[in-house]
Every structure is written in C-alpha cells, then in structure tokens.
Amino acid sequence: ENDGSSSSSSNVVNNYGCWVPRRVDSMAILVVDALRFDFARDHLPLSVGSRLFPPNNNNRTTTHDDDGRSRIGTSKLYQFVADPPTVTMQRLKGLTTGGLPTFADISGSFGGASIDEDSWVEQLRDVPWERRRRHCAGEELDNGTVGDKPKIAFVGDDTWVDLFPTQFDDCHPFPSFNTRDLNTVDNGCLEHLPRLLDGLVGLKEQRKQQSNHHGNNSTAMFELIVAHFLGVDHVGHTYGPNNPHMESKLHQMDVMLSDTLNTIDAAPSQSCIVALVLGDHGMTEDGNHGGGTSEEVNAGLFVHFSPGCGNGNHSKDGARGEEIGQTAARAFDSIHQIDLVPTVSFLLGLPVPYANIGGLVPDLLPTPPTTKDGEERSSWRYDTAHIATTLALNAAQVWNYLHTYSQTSRDLPMDRLRELKELLDSATLVYGDAISQSRRLQSAAIAAGGGGGGVDNDFDSTAYRQACALFKLFLAESTGLGKQVWTQFNELGMMVGICIMVVAWIMSIPLWKGSVRNEIRTSFPWSRGLGGALRMKRRNGGIKENVRGNEDGLNSSMDSFRQLEILAAVVFMIFHCGVLTFGNSYIEHEREIVTFFLATLCLLVFRRWYFFSGTHSPSFVGSSSTYLPLVVVLCSRLNDVFVTGHGLDPSIRLHAAHHPLIFLSSLCVLALLRIKWLGPSSTIKGRSGITPISLSATIDVLTIICLAGSWLEKRTLDQSRNGFIMARFAMVAVLFGIAHSLFSIAKQWKLNRQGNQNWIENVQLAL
C-alpha cells in the first residue's frame, strides 16, 4: 500500500491504485524472432557487444550533453528462459499476459486466436493516461498537450495483430508464414521504425525543439512501439543457424539495433527511455523450434536504458535478502519470459495483468528519479524499499489469481496453496515491520529538525531486504506450482499406462483363436520347437485338408483381424487429429509419431494379407502384393535413418535425399506402387467404363507429380520461387480425390447393403 516511504504512501494509494508510479517515459520492444542467447552474446558486436564492453566503462554507454557533461546509459544482457511450447504465438501470449500457454493453443498459430485474457497491451488502452504519466523531480514532463494520450505502435510479424486486432493505434503487419521469404518482414520494419522512434515520448521533446523553426511537428507521439523482426527465424528454418545467410541476417539486425540504441541514447537528460531487445525463443541446430531443448528455450534479452534513467548499473544485491538463506537469493538469478510481464507493467505504471504468475525482475527497474536540493538522491537504499513495494504488489496479484482459480478448479494441490499462503503471510509481516521502522526513523529525523528525508538510511533496513527475498521466493514457488500443474508431464501416469499396455498384450496371447495359432505354427518353421521335423512332414502331406478343415475358423479369424485393423485406424485418426495435438511432445516428434502409426497399420494389413486371402490359396502368400505394406514400413524407417538433422528444405542441398535422382525416383516408385496396389484391382465399373478406384489412383499420381514440381521449384536458389502454385494444385487434386472417394464409398456402401455384406466391410471401406 505504499512505495517504501511513509511520506508518499497516501499518494500511491490515492493516485495510483494497486500499482506504483511510472518509471519510464516510453519503451521500445524489439523482438528478433528466434534470437538465441549465443546469437545476442557473440554475433551482435555493434549493438550489444559495444554496450556490454565499452572502453573504460562497465556496461555503460557514455554520451554528452550540449554543455559537454557526460551522461551514461546502462545495458544488461540476460538469458531469457522460455516455456515450451517454443512457438511464436504461445510465446507472445506468455510475454503479454504472464500465463503459461500450452500445446493446446497451437491451432491458434494459424490465425484468428485473439487474446481474451488481461494483458499489459490491453491495460495501455484502458488505464487513463492522466493516472500513469511520469513525474520527474515533482515536475510534469512537457510531453505534449496536457491530457493528450500517446499512442502505441506496431510493425512486423502479423501474429501480433491476430492476438491484438484492435489495440494498436499505428499498425503495420506483414505476413509471416513463408519461411523462404527472408526479407519482407524485416524490410517493412526497417522502413517504419525510424519514424516510430522519432515519436517516442521523451525523444519527442528533442524532435519538437529541433523542428520548431521549421514549423513542422507532425510526428505522432508514442509511449510504446513494438517491432517484430522475422528474418533470423526464417533463415534458421530454411538454411540452419550455421549458414552464411545467418551471418548476413545477424549483421543486418546488429546495424539496426545499433542505430536504434544510438537514437535512444540521444534522448534529453530528463527523459528515461528503455529498449528491450529479446528473442521469443531459440532454435535447435536444425534451425527448428517448438520443443523444450536448451537451444530452444534459452533466448536472449538485452535491456538498454537511456542516460536519463539514472545510474541503473548499481548493484541491487541489497534486495536479495541473503540474510534468510541462499534459496531465496537464487530466486533472483534466472529470468523467465513471463517475469517480463510484471516488470513491463511497473515500468509503464500499469496494473499487473490478472492471470500473471511471473515475478518482477528488480534489476530491470531504474533508480527512482528523485532529487533533493538539485542533486540526485537515487540510491540502492531507497531502491530496496521501492523494490519491496513492487514485489509486494506483484505477490498480492499472483495470490489473488491462484486463490480465485482454486475456488473453481481442483487442479491446484491444497497443501501447496497452504504453504504459499504461509510464505506470503511471513513476507507481508516482515514488510509491515520494515514500513514501521521507516516511519519511526522519519519521525525521529523530523523531531531532530531534519525534515524526514535528509538521511538515506531511513529507507534502509534488514527487514526490507528480507521482505524482498520472501516475496521473490513466494513468486518463484508460485510459478513452479503453475508449471507443475499446467505444463509438466505426469511421468508416473505415463509409466502406469505403458505397464497396462504391456500386461494387456501378454494376456491377449492365449485368447488368439486356435486357427490363427495353427496357421502361425504351419507357416513359420522356427515356431515349431523340438518337434518341428515331424510336424513339417505332416504339413507337407496334408496342408490342403488342413486348410479345408479350418476354413470356417479362418473366416472368423479374418473378421477378427479386420476388426483389429478398424480399431487401430480409428485410434490413429483420433490421436492424430485430436488427442496428440494436446500433448506436450507432439510438436517435437510429430513426424516420428505419424510414421510409427503408419508402420503399425501396415503391419496389421500385412498380417491379414499373409495369413488370409479371399480364396485362401497358398499361392497368395507368395504374391508380391502381399509384401507391399512392408515396403511402407521399410521406407518409414529409412526416412528416419537417412533424413536427419537440418535439410528438409530442398534448396539447402546438404543431404543425398535431396538429390534429384534419389528424390524424383522415389516419387516414381511411390506412384508405381499406388497404381499396382489399388489401381487396376477393382472390379467396380463406372458409367464411363473407368473403375472409380483407378480414377482415384490417377488423381493420386497427379498429386505426386504436382509435389515433384513444387520440390523442383523450391530447389532453385531464387527465393521468389517458393513452389506454392504447384503445392496448391496438389491440394486441389487431394480435395477432388477426397470428394470422389466419398462418392465411391457411398455407392459401394449401398451395394453392400443390398448384398447383405458384413458391416465390418462397410466400416473398413469408409476408413
């Protein structure tokens, strides 16, 4: 309920509500998609490197006023930990709401998934400007006409517009799904960014003064600009992180960031502007992302404060509260992406979003710009009290959300909630003691004639530092609880499920029909055991009688096999189209899961074809068509063995699988298998004399030809040729084939009903 000093507590309550005064004039958020931490640390020498390691300074950039006085800007680089899934839309949700989006939200990556939750973007629109304008040394900055509300602007990846369709005042989105397009989005950002920077609150003052004599002051005023660059991510998807294209793209980003930070450094001395350069996720050595590997979750966060923010480089170790133990101190060490949400909110003077479970990052709060007798009074002692206040507000918001959530859901363990409540109560008690101690010290200073503000120590106490540590520990534990409940695997449940599957499979072996066991024994010599020679002689002499005697049993067993195939196909479709999209590992291993299911289905088909035929003729066992399902199984395994690592894009030409001789010949083999397997075997004639299944095979072959044309176009080095036209033709052919198949299925279903065919054949036909 106060900002750490008793003299201003009533002002915070009455004027600001449950948040603290604004700390910066304006903010620029520059998202470099897939900016891995090592990219920011090692490959941006002009922007990041020159500010982290400038000559004769420690993480400070020196500029000079018109009168020659030096001013120092502050820069910091952090490892920015993302939560899986490391997909852009989910990461942007986490960066704006403070929640933990799951893999269930991935369908929204294809558009139309606007954010309904509370976010700092929405708060910028809702909170009146008069309540959150920044004050400096008791004076209002002349940021334009009093009462004029600055705008918020965006340029770059159109995912932001999908999430926030109406919130941005100045909006310039660019399409993002063509990963071969390395420059369109970035060039659009570079075109609009200089104009948006010129309008930042704080910089606007200098621009206005410079343009007064020209009578030109038409630039809009912005309190927040967001620029989202996509080139690094697209280079990773297309060429990988170790390609010369990546070096060129990172250099382009380095030059852009250097120019942007130089502009911010030129802000007037009374203005505080912060630039946040961040990656929404990293990328693997394949150039991909979506999972939870260290390369994917460790992005970079570079923070730069203009010189007017004060000496923000001072240590905030006093707020770590190491007096109560290293466990609490370690809660300050890592920065998760959701931790940026309350930090941005406090910097801009906004309430923390309702569903946020992130914790404030104290290192990102500039020193309060208070002065006394014309000299800056900012110190880490006062800052510790202010940090304690912001952490207290943050903790209250998180507890309010968890408590409200627990009233409507049983997901949160009650014992963990009780532990969190006890920890929060302890932190609140210590914080109250710190406030009481500050008031006593201030009262004593007033009684001594010091005015209550002449000594920095009146804001410093062990209680404040302990309160900071306890609040931060509470926030870290709350975040851990949220991840445990909403994003982590239930490993015990997975093991129990695997055990149940194995036990069920073992128990099903004795239930196989006798005819199936007999057929296995007579078909595989190695299954005969010690009496194999004798049973082989009996089989050679009487196989025909054995087949006739078991014909009824074989028909029954074939129906059982068909039922098993139907069950497997239904499970495959349900898992692939519904259940697996909600699984935390599906994005990482979708290709492997699909090929595994496909191989399983083909093995089931092969088993039925090998043991049973329409005529039960032994010659069917040796026919080539019987082994076609095994070809699919073999190809799926070969694909996993030889097509590994980065190189799925044919333009890279790194793998033998991309050679035209291998790839195109593989498509030819696939087309021939399609014609032989399901082409001329049908006896259902259409009106034109063409069998419907043969027509379906023809459509499939045309689709394969279109895919071959798309592959050849992608293989060219011309980035403007992306193969989309041929791919669209292939999609049209597939849709036409589906429509044709549905018509054929309906016709065959009708014939089967008239002929009283088994229901299993109808269901199998539909599948």
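What counts and how
- Residues numbered from 1 in each chain as written.
- Predicted model: local features only at pLDDT ≥ 70, side-chain atom pairs only at ≥ 80, totals over all residues.
- Heavy atoms only, no water.
- Helix = DSSP H or I, 4+ residues; strand = E, 2+ residues; numbered from the N terminus.
- Buried < 20%, exposed > 50% of the residue type's maximum accessible area, 1.4 Å probe, protein only.
- Contact = heavy atoms within 4.5 Å.
- Areas by Shrake-Rupley, 256 points an atom, 1.4 Å probe, with all protein chains shown as cover.
- Disulfide = S-S within 2.5 Å.
- Pairing = 2+ DSSP bridges.
- Salt bridge = Lys/Arg side-chain N within 4 Å of Asp/Glu carboxyl O.
- Patch = residues over 30% accessible without salt bridge, like charges linked within 9 Å, V, L, I, M, F, W, Y side chains within 5 Å.
- Arc of directions from axis to C-beta.
- Axes fitted to C-alpha atoms, helices over the stretch in contact; angles between N-to-C directions.
- Parallel < 35°, antiparallel > 145°, perpendicular 65-115°, else oblique.
- Polar contact = N/O pair within 3.5 Å; in protein donor to acceptor, adjacent residues only side chain to side chain.
- Phe/Tyr/Trp six-rings, centres within 6.5 Å; stacked < 30°, edge-to-face > 60°.
- Expected span 1.5 Å × (residues − 1).
- pLDDT = per-residue confidence, 0-100.

(A) Geometry of the overall build of the chain. When its secondary structure is counted, the chain shows 28 helices and 13 strands. Relative to its full complement of 767 residues, the chain shows a buried share of 48%. Once local pairs closer than 6 in sequence are excluded, the contacts in the chain between residues at least 24 apart make up 73%. Of the roughly 36,800 Å² of accessible surface on the chain, 59% is carried by carbon and sulfur atoms.

(B) A look at the state of the cysteines. On inspection of all chains with the given rule, the structure shows one disulfide. Disulfide pairing places Cys-272 opposite Cys-309 at an S-S distance of 1.9 Å. Because the torsion about its S-S bond is 100 degrees, the bridge between Cys-272 and Cys-309 counts as right-handed. One end of the pair, Cys-272, is in the loop between helix H11 (244-265) and strand S9 (273-278); the other, Cys-309, is in the loop between strand S10 (298-305) and helix H13 (326-330), and 37 residues separate them in sequence. With respect to class, Cys-272 is no different from Cys-309; both count as buried.

(C) Geometry of the pairing of strand S6 (residues 151-157). Counting buried positions over the seven residues of S6 gives six, a clear majority of the element. Judged from the five bridges that link them, S6 and strand S7 (residues 170-174) form a sheet pairing that is parallel. Residue pairing across strands places Asp-157 opposite Phe-174, the latter belonging to S7.

(D) Summary view of the pattern of salt bridges. Taken as a whole, this structure holds 11 salt bridges when the rule is applied. With its nearest N and O atoms 3.0 Å apart, the salt bridge here joins Asp-170 to Arg-195. Linking Asp-170 in strand S7 with Arg-195 in helix H8 (residues 184-198), this pair joins segments that are 25 residues apart in sequence. A salt bridge links Arg-416 to Glu-419; its shortest N-O distance comes to 4.0 Å. Of the two residues, Arg-416 and Glu-419 both sit in helix H16 (residues 414-447), three residues apart, roughly one turn of that helix. Residue classification places Glu-419 among the partly exposed residues on the basis of a relative accessible area of 48%. Put simply, Arg-36, Asp-38 and Glu-285 are held in one network by salt bridges that share partners.

(E) Examining a nonpolar patch on the surface more closely. A cluster of nonpolar side chains, contributed by Val-734, Leu-735, Ile-738 and Leu-742, occupies part of the molecular surface with about 380 Å² of accessible area. Along the chain, the position of Val-734 falls in helix H27 (residues 724-754).

(F) Region of interest: the environment of Val-571. Inspection of the secondary structure puts Val-571 in helix H21 (residues 551-579). Taking the relative accessible area as the measure of exposure, Val-571 reaches 33% and is therefore partly exposed. With 26 residues separating them in the primary sequence, Val-571 and Phe-597 have C-alpha atoms 9.4 Å apart.

(G) Region of interest: helix H3 (residues 45-52). Ser-47, Val-48, Arg-51 and Leu-52 are the residues of H3 that are buried. Looking straight down H3, one finds its buried side chains confined to an arc of 100 degrees; they lie on one side.

(H) How the structure looks around the packing of H3 against H11. H11 packs onto H3 with a crossing angle of 55 degrees between their chain directions and a minimal axis gap of 7 Å. Regarding the angle of H3 to H11, the classification is oblique. Every residue of H11 that contacts H3 at Pro-45, Leu-46, Ser-47, Val-48 and Arg-51 is listed here: His-251, Asp-254, Val-255, Leu-257, Ser-258, Leu-261, Asn-262 and Asp-265.

(I) Structural detail: the side chain of Thr-260. Along the chain, Thr-260 turns up in helix H11. At a separation of 2.9 Å, a polar atom in the side chain of Thr-260 contacts the main-chain carbonyl oxygen of Met-256. With near-sequence residues (within four places) excluded, Thr-260 lies in contact with Leu-30, Leu-193 and Leu-197.

(J) Up close: the packing of aromatic side chains. Taken as a whole and judged by the stated rule, the model has 12 aromatic pairs. Ring plane angle 70 degrees and centroid distance 6.3 Å describe the contact between Trp-160 and Phe-168, whose orientation is recorded as edge-to-face. Residue classification places Phe-168 among the buried positions, given a relative accessible area of 9%. Judged by centre distance (6.5 Å) and plane angle (50 degrees), the rings of Tyr-401 and Trp-486 are tilted. On the criterion of sequence distance, the pair formed by Tyr-401 in helix H15 (residues 380-408) and Trp-486 in helix H17 (residues 462-486) is long-range, its members being 85 residues apart. Given the relative accessible area of 22%, Trp-486 is considered partly exposed. The structure contains a cluster of three or more aromatic residues connected by ring pairs, namely Phe-154, Trp-160, Phe-164 and Phe-168.

(K) Highlighting H11. Look at H11: 31 Å from first C-alpha to last across 22 residues, which is about the 32 Å you get at 1.5 Å a residue. By the burial criterion, the buried members of H11 are Met-246, Lys-249, Leu-250, Met-253, Asp-254, Met-256, Leu-257, Ser-258, Thr-260, Leu-261, Ile-264 and Asp-265.

(L) Geometry of the confidence of the model for the chain. On average, residues of the chain carry a pLDDT of 74, and 62% of them reach 70 or more. Scored below 50 in pLDDT, residues 136-146 shows 20 contacts in the model against residues more than four places distant or in partner chains. Note that residues 680-690 has pLDDT below 50 and, in this model, 13 contacts with residues that lie over four places away or in other chains.

(M) Representation of the environment of Ala-392 in the model. With respect to the helices and strands, the residue Ala-392 is situated in helix H15. Judged by relative accessible area, which is 16%, Ala-392 ranks as buried. For the pair Ala-392 and Cys-468, spaced 76 residues apart in sequence, the C-alpha separation works out to 8.0 Å. Those residues in contact with Ala-392, other than ones at most four positions away along the chain, are Tyr-431 and Phe-471.

(N) Structural detail: the environment of Leu-424. As for its placement among the helices and strands, Leu-424 is situated in helix H16. Dropping the residues within four chain positions of it, Leu-424 is found in contact with Ala-395, Trp-399, Phe-471 and Phe-474.

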